[in-house]
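Letter by letter, the chains look like this.
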Amino acid sequence: MFSFFKKKDVPQITPGTSTPEQIPAQTAAAETASSLTATVPATATQTPGPAVAATADNTSQTASAPKSSWRDRLKTGLARTRAALTTPLGELFSRSRIDAELLEDLETTLLTADCGVDATQWLLDELKASVKKNQLESPAQLREVLAERMTHLLAPLEKSLDVSTHKPFVIMIAGVNGAGKTTSIGKLAKHFQSQGKSVLLAAGDTFRAAAREQLKTWGERNNVSVIAQESGDPAAVVFDAINAARARGIDIVLADTAGRLPTQLHLMEEIAKVRRVIQKVDATGPHEVLLVLDANIGQNAVQQVKAFDQSIQVTGLVLTKLDGTAKGGVLAAIARQCPKPVRFIGVGEGIDDLQPFRAHEFVDALLSGTEKPENK
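Residues numbered from 1 in each chain as written. Predicted model: local features only at pLDDT ≥ 70, side-chain atom pairs only at ≥ 80, totals over all residues. Heavy atoms only, no water.

A. Structural context of helix α10 (residues 234-248). In this model α10 runs 21 Å from its N-terminal to its C-terminal C-alpha over 15 residues, within 8% of the 21 Å that 1.5 Å per residue would give. Among all positions of α10, only P234, A235, V237, V238, A241, I242, A244 and A245 are buried. Buried residues along α10 sit in contact with β1 (169-174), β2 (199-202), β3 (225-227), β4 (252-255) and α11 (265-281). G249 sits one or two residues past α10 and shows a positive phi near 70°. (Helix = DSSP H or I, 4+ residues; strand = E, 2+ residues; numbered from the N terminus. Expected span 1.5 Å × (residues − 1). Buried < 20%, exposed > 50% of the residue type's maximum accessible area, 1.4 Å probe, protein only. Contact = heavy atoms within 4.5 Å.)

B. Structural context of the packing of helix α8 (residues 181-194) against helix α9 (residues 211-222). Axis separation between α8 and α9 bottoms out at 9 Å; the angle between their running directions is 20°. Taken together, the axes of α8 and α9 are roughly parallel relative to one another. Of the two elements, α8 crosses α9, and the hand of that crossing is right-handed. Each of T182, T183, I185, G186, K187, A189, K190 and Q193 in α8 lies in contact with α9, whose residues at this interface are A211, Q214, L215, W218 and N222. Its residues placed into classes, the contact of α8 with α9 shows 5 nonpolar, 6 polar and 2 charged. (Axes fitted to C-alpha atoms, helices over the stretch in contact; angles between N-to-C directions. Parallel < 35°, antiparallel > 145°, perpendicular 65-115°, else oblique. Left-handed = near helix turned anticlockwise from the far one by under 90°. Nonpolar A, V, L, I, M, F, W, Y, C, P; charged D, E, K, R; others polar.)

C. Examining the side chain of R275 more closely. In this structure, R275 sits in helix α11. With sequence-adjacent residues up to four places away left out, R275 is seen in contact with M172, P286, V289, I312 and Q313.

D. Summary view of the packing of helix α7 (residues 139-154) against helix α14 (residues 359-367). The geometry of α7 relative to α14 is characterised by a closest axis approach of 9 Å and an angle of 140° between their N-to-C directions. Seen along the crossing, α7 lies across α14 with a hand that is right-handed. For the pair formed by α7 and α14, the contact residues are R143, A147, M150, T151 and L154 on the first element and A359, H360, F362, V363, L366 and L367 on the second. Its residues assigned to classes, the contact of α7 with α14 shows 8 nonpolar, 2 polar and 1 charged.

None of this, on its own, says anything about what the molecule does.
Structure below.
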């Protein structure tokens, strides 16, 4: 234990440069430096060791790893809805025969996934007719019919958005608080940029304190200009944005609006005013009115579509947060009760996790894993 106090060897000095009188001083200095080196922690200027280098290599490999496809991300995003369906449907379709009990259990499963009474009844009627007409006996065959009829039900909602008909093409975006309007605008800007279109953002949400800053952040990410005011009339902001887009030769204007509940009549009247002002600037506008829906609200989405459509004539839907809900079946309810085109669906926080809706992909992701196991 006393070895710490043992006198250390004097560092060797280049021959001919030190005198005997200098050696004791140099020895003391060397001992002091050695003590400090042993007690002072390493600083950021030290050369990274093997562990640090390994971490850097791993980070580099992660950054260069290929990104999963949209189909894979869609299946991942619909995991919760699929979980509500897969276990019940997987059990149903693995039964030995088609009977009244199976169809009753199937009805319960579809209602649980928020397909709605109307859509569920329509699907069951179609399945029963197919069983009778084609003499189906195997539940596995019933699954194929369910996938086909569900795709048929959702197919009318699959309509791509053509933004080449006007310049600037004005898209007005509405929805309730927290539906994801501002985030969707940022992702839409990226989507249209990938098509070679120039985009301008209008910060029409003048009520929420952070809305303007949030939209500016998305503008900076996408290198897109944002027209905003410190406060004032939302309609005036959109008015200025359209005129600025005309002057700059911009292809698309994405106009944000403040979140509001359909029951807040004075706010619904205000958003209707924004639409009227757009029509004063361009008699053909707005060229698209997108309603952003949070998939978590389930059947309430149907009521929101009806209420907003009455005020601002909704022409398309954006369904967000499908990755956080087990209620993805609400699209079936929308298809039966208020069939508006679903332009985009979102299944994550990534900037590429908002993509055009495709009925076949959606149903495939929804029913994935419900096939009858081969050993049964």
